[in-house]
Amino acid sequence: MSEPKFRVLITDSLSDAGLDILRSFPEIEVVEGSPNTVREDLKNADGIIIRSGTRLTAEVLEGQPRLKVAVRAGVGVDNIDLDAATREGIVVMNTPAGNTTSTAEHAFAMMTSLARNIPQAAASMADGGWEKKKFKGSQLAGKTLAVIGLGRIGMTVAKRGLAFEMNVIGYDPFLSEERAAEYGITLYRDVDELIDKCDFISIHTPLTEETRGLINSARIERMRPGVRIVNCARGGIVDENDIVEAAKSGKIAGVALDVFSQEPLPADSPLRGVPNIVLTPHLGASTDEAQEAVAIEAAEIITAFLVNNEVRHAINMAPISGRELEESKAYLDLGYRLGLLQSQLLQQRFKSAGLKEASIAYRGDVADKKTKLITSAFVAGLMSSGVSEPANIINAEAIARERGIHITESSSRDAGDFASVVSATVRTDNGEFSVSGTIFGDKFLRLVKLDGFLLDAWLDGQLLIFRHQDKPGLIGFIGTECGTHEINISHMALGRDDVGGEAVAVLNLDSKPTEELRAEVAGHEYVTGVDLVELPARGAALPWLDGSR
Ligand code: NAD
Ligand code: MLT
């Protein structure tokens, strides 16, 4: 039997159902590691599956030549440095739906626990008590529940609230009023507008700059007295000091937290031991069903990526299926080669001029392909020189952004001179120039426009490009020069508008032209500029899709 091609590292506990899927692939070897040695263990891994116990920091992710993909079995990717992963060209994926129901049920259980003082009553009973009066609660039916963050989990909680005959209101800046209305939820456009209108609040947003400290003393001040708050989303969204104060003062009737700004929660946290604060140790997704679902999904998406080049649930890359990838492969290759061509022309023509902007336009049938990915392939080619880290379809746009290069894309289904054409224009401080390419048949990549002239050149191997005056004798001179240097011309394409006017020629050569040949061509009286360009050989695999990075 052949050796497995890919190693997948597991550093947190993963349900057997997921491990069984991984082990069923002969191409995959499963390696068990630990969060403490993850940096070292990753040196020999192509992929990693983690839960919340492993932190993939910039320090861990940098300088991992083999690592291509990191999968979070779960939703939150706040234990992964996404910028660092993107910079390093590592695809990050998560399993967004597997634990939605379990987490929503936990949030709802927290809410009913708060409403009926169940944890406190249970503790009192365990202690031999019978405190019926002390634990009088509040009915859910008829109360107003505010759900902040109406995504997968928030919406699932909202539906349960409606089933319990609650009046459900919500806030989510990315949800339309129509969609909220379809579910019977009244949507507010500002969290401050709903904060004084509810008896229960359940939070289901990610932790972001906007949501950090979203529930704080200023907002608690404006809430109805006796409000109950649940956070099963992320620690830090509820300000922990402010909530302890509000719980102790009785301003809020209760708070239930499953997530904390520091996990595990320190033993001396002020949150502990307050009678109306209910705490669970990040249990939202801790059910057999959710753990199995996320493990299965994590195993499926990592094997699909490594074995079949399929991208699903990527956080830092456009999703693409194996079929779409196969269909777009020739265009990814075209985009990449146009980027490589532009990058080398830029260096030779504009030397130190700063690249400010690159725009890529799709016309005709190509507009229906995964153009976002083709643009990334173009940018990967464009950023291939002058950067220390290898550019690829995942990190290229981030590298360009870091350098202040603005990338734009436009598409039109109207065909021009060709069934499909991809045009790329780069703008620098000293000027701009464009190239266009197309595909003949389904695999012959062609350069069809250069310096404003239509032509038909091959986009592979060694190219000698010369701008010139269209005068008799020049082509013969170049042919003789190439012969003298023992360089065979395999193809020649000429672009010009008027006889005797400005023109450009692209020679495809069988071997690399020397600087001496360049100088001799450049020295001809009718030649105004020479560029030497080196592209991958015809049919060469895209560097990041053949198992390497
Ligand atoms: P989701 O992406 O489906 O939903 C998040 C919603 O929050 C989106 O609709 C988004 O538009 C909204 N949002 C973003 N910024 C907002 C803001 N400033 N104000 C209001 N809404 C905002 O995610 P999900 O799967 O529903 O997960 C929700 C949260 O639950 C995440 O933080 C996730 O990490 C956490 N989670 C916790 C557990 C657990 O074990 N406790 C389990 C799973 C998920
Ligand atoms: C998640 O983000 O999926 C949850 O926090 C559950 C977890 O993996 O611990």
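Residues numbered from 1 in each chain as written. Chains lettered and ligands numbered in written order. Predicted model: local features only at pLDDT ≥ 70, side-chain atom pairs only at ≥ 80, totals over all residues. Heavy atoms only, no water.

Engineer: Teacher, can you tell me more about the packing of helix H1 (residues 16–23) against helix H12 (residues 288–308) here?
Structural biologist: Each pair of packed helices can be described by the angle between their axes along with the distance between the axes. Close contact between H1 and H12 brings their axes to 7 Å; oriented N to C, the two are set at 20°. In terms of axis orientation, H1 runs roughly parallel to H12. For the pair H1 and H12, the crossing hand works out as right-handed. Contacts between H1 and H12 pair Ala17, Gly18, Ile21 and Leu22 from the former with Glu292, Ala295, Ile296, Ala299, Glu300, Ile302 and Thr303 from the latter. (Axes fitted to C-alpha atoms, helices over the stretch in contact; angles between N-to-C directions. Helix = DSSP H or I, 4+ residues; strand = E, 2+ residues; numbered from the N terminus. Parallel < 35°, antiparallel > 145°, perpendicular 65-115°, else oblique. Left-handed = near helix turned anticlockwise from the far one by under 90°. Contact = heavy atoms within 4.5 Å.)

Engineer: Would you mind showing me how to read the packing of aromatic side chains here?
Structural biologist: To describe a pair of aromatic rings, you give the distance between the ring centres and the angle between the ring planes. Per the stated rule, a full pass over the model turns up two aromatic pairs. Ring centres of Phe418 and Phe440 lie 6.5 Å apart, and the angle between their planes is 35°; on these two criteria the pair is classed as tilted. Highlighted residues: Phe418 in the loop between strand S14 (406–412) and strand S15 (420–428) and Phe440 in strand S16 (residues 431–440), separated in sequence by 22 residues. In this arrangement the basic side chain of Arg349 is found over the ring face of Phe433, its NZ or CZ atom lying 5.3 Å from the centre. Arg538 extends its terminal NZ or CZ atom over the ring of Trp458, reaching a point 4.4 Å from the ring centre. (Phe/Tyr/Trp six-rings, centres within 6.5 Å; stacked < 30°, edge-to-face > 60°. Lys NZ or Arg CZ within 6 Å of the ring centre and 35° of its normal.)

Engineer: I would appreciate a short explanation of the environment of Gly18 in the present structure.
Structural biologist: Counting through the fold element by element, Gly18 comes out in helix H1. The buried category is assigned to Gly18, whose relative accessible area is 0%. It is 13 Å that separates the C-alpha atoms of Gly18 and Arg72, two residues lying 54 residues apart in sequence. Apart from the residues lying within four places of it in its own chain, the contact partners of Gly18 are Ala295, Ile296 and Ala299. (Buried < 20%, exposed > 50% of the residue type's maximum accessible area, 1.4 Å probe, protein only.)

Engineer: Would you mind going over unusual backbone geometry with me for this structure?
Structural biologist: Where the residue is not glycine, phi is negative for most of them; where a peptide bond is considered, it is trans in most cases. A cis amide bond links Glu263 to the next residue, Pro264, at an omega of -5°. Mapped onto the elements of the fold, Pro264 is located in the loop between strand S11 (252–257) and strand S12 (277–279). A positive phi angle, close to 50°, is found at His282, a residue other than glycine. Its place among the elements puts His282 in the loop between S12 and H12.

Engineer: What am I meant to see in the site of ligand 2 here?
Structural biologist: Near ligand 2, the surroundings consist of Ser52, Arg72, Ala73, Gly74, Val75, Gly76, Asn99, Arg234, His282 and Ala285. In the model, an oxygen atom of ligand 2 is placed 2.6 Å from a nitrogen or oxygen of the Val75 main chain. Between ligand 2 and the protein, one listed contact pairs an oxygen atom with a backbone N or O atom of Gly76 at 2.7 Å. Starting from 260 Å² of accessible surface for ligand 2 in isolation, the protein chains cover 91%. (Near = heavy atom within 4 Å. Polar contact = N/O pair within 3.5 Å; in protein donor to acceptor, adjacent residues only side chain to side chain. Areas by Shrake-Rupley, 256 points an atom, 1.4 Å probe, with all protein chains shown as cover.)

Engineer: Where do I start with the domain arrangement of the chain in this structure?
Structural biologist: The domains assigned to the chain are domain 1 (6–97 + 289–308), domain 2 (100–279), domain 3 (318–450) and domain 4 (456–536). Measuring from the centre of the C-alpha atoms in domain 1 to the corresponding centre in domain 2 gives 32 Å. The junction of domain 1 with domain 2 conceals about 460 Å² of combined surface from both sides, 37% of it contributed by carbon and sulfur atoms. Taken as a group, Asp78, Pro96 and Ala97 account for 62% of the area that domain 1 buries against domain 2, more than any other trio of residues on that side. Note that Asp78 is salt-bridged to Arg234, the shortest N-O span being 2.9 Å. On inspection of domain 1 and its partner domain 2, the count reaches three residue pairs in polar contact (both at pLDDT 80 or more). (Domains from an automatic or database assignment. Buried area = accessible area lost by both parts, 1.4 Å probe. Salt bridge = Lys/Arg side-chain N within 4 Å of Asp/Glu carboxyl O.)

Engineer: Would you mind showing me how to read helix H7 (residues 152–163) here?
Structural biologist: Given 3.6 residues per turn, any residue in an α-helix points the same way as the ones three and four places further on. For H7, with twelve residues, the first-to-last C-alpha span of 17 Å sits near the 16 Å given by 1.5 Å per residue. In this fold, the buried residues of H7 make contact with helix H5 (100–116), strand S6 (144–148), strand S7 (167–171) and strand S9 (200–203). (Expected span 1.5 Å × (residues − 1).)

Engineer: Before we go on, may I ask you to explain the site of ligand 1 in this structure?
Structural biologist: Looking at ligand 1, there are 25 residues lining it, with Arg152, Ile153, Asp172, Thr205 and Cys232 nearest. Within the backbone of Gly284, an N or O atom sits 3.5 Å from an oxygen atom of ligand 1. Here Ala285 contributes a backbone N or O atom positioned 3.3 Å from an oxygen atom of ligand 1. In the complex, 88% of the free accessible area of ligand 1, which totals 860 Å², lies under the protein chains. Looking at the shell around ligand 1 residue by residue, the classes come out as eleven nonpolar, ten polar and four charged. (Nonpolar A, V, L, I, M, F, W, Y, C, P; charged D, E, K, R; others polar.)

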